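Below, each chain spelled out in residue letters.
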Amino acid sequence: MAQLIGGLGTSHIPAIGNAIHKGLQNEPYWKPFFDGFPPIRQWLSEKQPDVVVMFYNDHGLNFFLDKMPTFAVGAAAEYNNADEGWGIPTLPPFKGEVDLSWHLINTLIEQEFDVTTCQEMLVDHACTLPLKLFWPGGDCPVTVVPVCINTVQFPLPSARRCYALGKAVGQAIQSWDSDKKVAVIASGGLSHQLDGERAGFINKAFDLQFIESLTTNPEWATQFSVHELVEKTGTQGVELLMWLAMRGALATASAGVRRVHSNYHIPISNTATAVMALETV
């Protein structure tokens, strides 16, 4: 059976792409953010996952306000990059892991998650930037299964439902008939609001408590409704639903998790940024 080695989480602010393209990683504005990645890259070089399942939110490439599935799973042989962020050159297509995609889809439907199956899927900065941040040199060394969670158009799935989705994905990974090593990635957040009266809103205290809970009490955030999460984290801060799904997947590991490394920095482009790696033990 496949081995679920751990989970990663990172922000996916489009401006990150421009910083990578222009080589600004050591500039004072960007250095505190990029300094969070070397320990995690070292861990990845030791663990060498073969596949990643990416929990992310689509930014209008595949779904718009008139057609917005709650959950969608990619089942393509490759994923073309059509929105790479602000300035980073368009990346080559990412290879899919079709066999795992269909295993996930079948498992999720058996567990009564009504997912949209996408045999063609474009990916944007929410997928490309995490891969570039974790594997900055050369071609991406992992195949990808994108799992899209709606955080754009209400009604949104609840935190508890996203955590349960993650658990179902974790169970599917560990029952996949393969000898490959799999990591799960959460792309998005943390607290931020890009528009309206609270534009620029950041809630550091909540963010730090949420990050800590992912290690010590992973279901902590499921006590809050979606509207409460918007109040506490901002309109776009509900992207933390991706982090909950990632952590739910790791909850299926029998012996729990250990924190490899985490980093929190504010602000980058009016957003609270975070990166984290958790290893199954």
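In this convention, every chain numbers its residues from 1, walking through the sequence in written order. Predicted model: local features are reported for residues with pLDDT of at least 70 only, side-chain atom pairs are reported and counted for 80 or more only, and whole-chain, interface and lining totals are derived from all residues. In computing side-chain properties, one takes all heavy atoms of the structure into account and sets aside hydrogens as well as water.

The name given to the chain in an unreviewed UniProt entry is Protocatechuate 3,4-dioxygenase, with Acidovorax kalamii as the source organism.

S.K.: What should I look at first to understand the pairing of strand E1 (residues 3–10) in this one?
M.R.: Both faces of the sheet carry side chains from a regular strand, because those side chains alternate between them. Burial analysis of E1 places seven of its eight residues in the buried class, the great majority of the element. Strands pair, by our definition, only if DSSP identifies at least two bridges between them. Only DSSP runs of H or I with at least four residues qualify as helices, and only runs of E with at least two residues qualify as strands; both kinds are numbered from the N terminus onward. Relative to strand E9 (residues 181–187), E1 runs parallel, the two sharing seven bridges. For Gly 9, the partnering residue across the bridge sits in E9 and is Ala 186. Sheet analysis places E1 next to strand E11 (residues 271–280), joined by five bridges and oriented antiparallel. Across the sheet, Gly 7 pairs through a bridge with Leu 278, a residue of E11. Accessibility here uses a 1.4 Å probe with only protein chains present; expressed as a share of the type maximum, an area under 20% marks a residue as buried, one over 50% as exposed, and anything in between as partly exposed.

S.K.: Quick question: what am I supposed to make of the nonpolar core here?
M.R.: In this structure, Val 53, Phe 55, Leu 104, Val 184, Phe 210 and Trp 243 are the most contacted members of the largest nonpolar core, which totals 57 residues. Per-element accounting of this core gives the leading share, nine residues, to helix H9 (residues 240–250). By definition, residues are in contact when any of their heavy atoms lie within 4.5 Å. Once residues within four sequence positions are removed from consideration, Val 53 is found in contact with Leu 100, Leu 104, Val 145, Val 147, Val 169, Ile 173, Val 182, Ala 183, Val 184 and Ile 185. Each nonpolar core is a collection of buried residues, namely Ala, Val, Leu, Ile, Met, Phe, Trp, Tyr and Cys, held together in the definition by side-chain atoms within 4.5 Å. One finds Trp 30, Leu 91, Val 123 and Leu 129 within the second-largest nonpolar core, a separate group that totals 41 residues.

S.K.: I'm lost on the sheet that holds strand E2 (residues 51–56) in this one. Help?
M.R.: The strands making up a sheet are joined through hydrogen bonds of the backbone, oriented either antiparallel or parallel. The eight strands lie next to each other as E6-E3-E8-E2-E9-E1-E11-E10, forming an open sheet whose pairing is mixed. With one partner strand each, in any of the chains shown, strand E6 (116–118) and strand E10 (257–268) form the two edges of the open sheet. If you compare each strand with its neighbour and ignore which way they point, the axes differ by 15° on average. Most of the contacts of helix H3 (residues 38–47) go to E11, to which it runs at about 30°, and overall it touches E1, E9, E10 and E11. Fitted lines through C-alpha atoms give the axes, limited to the stretch in contact for helices. The angle between two N-to-C directions lies from 0 to 180 degrees. Lying on the sheet, helix H6 (residues 159–175) is in contact with E1, E2, strand E3 (71–74), strand E8 (143–149) and E9; it crosses E2 at an angle near 170°.

S.K.: Where do I start with unusual backbone geometry in this structure?
M.R.: Most peptide bonds take the trans configuration, and most residues that are not glycine carry a negative phi. Geometrically, the link from Phe 154 to Pro 155 is a cis peptide bond, its omega value of 5° lying close to zero. Residue placement: Pro 155 occurs in the loop between E8 and H6. The step from Gly 189 to Leu 190 runs through a cis peptide bond, and the omega angle for that step is 5°. Along the chain, Leu 190 turns up in the loop between E9 and helix H7 (204–216).

S.K.: What am I meant to see in the pattern of salt bridges here?
M.R.: Should their charged atoms come close, side chains of opposite charge can pair. Any carboxyl oxygen of Asp or Glu within 4 Å of a side-chain nitrogen of Lys or Arg constitutes a salt bridge here. Tallied over the full model, the rule gives seven salt bridges. Across the pair Glu 279 and Lys 47 runs a salt bridge, and its minimum N-O distance is 2.7 Å. One end of the pair, Glu 279, is in strand E11; the other, Lys 47, is in helix H3, and 232 residues separate them in sequence. Arg 259 is the salt-bridge partner of Glu 212, the closest N and O atoms lying 3.1 Å from each other. Taken together, the residues span a long stretch of sequence, with Glu 212 in helix H7 and Arg 259 in strand E10 at a distance of 47 residues.

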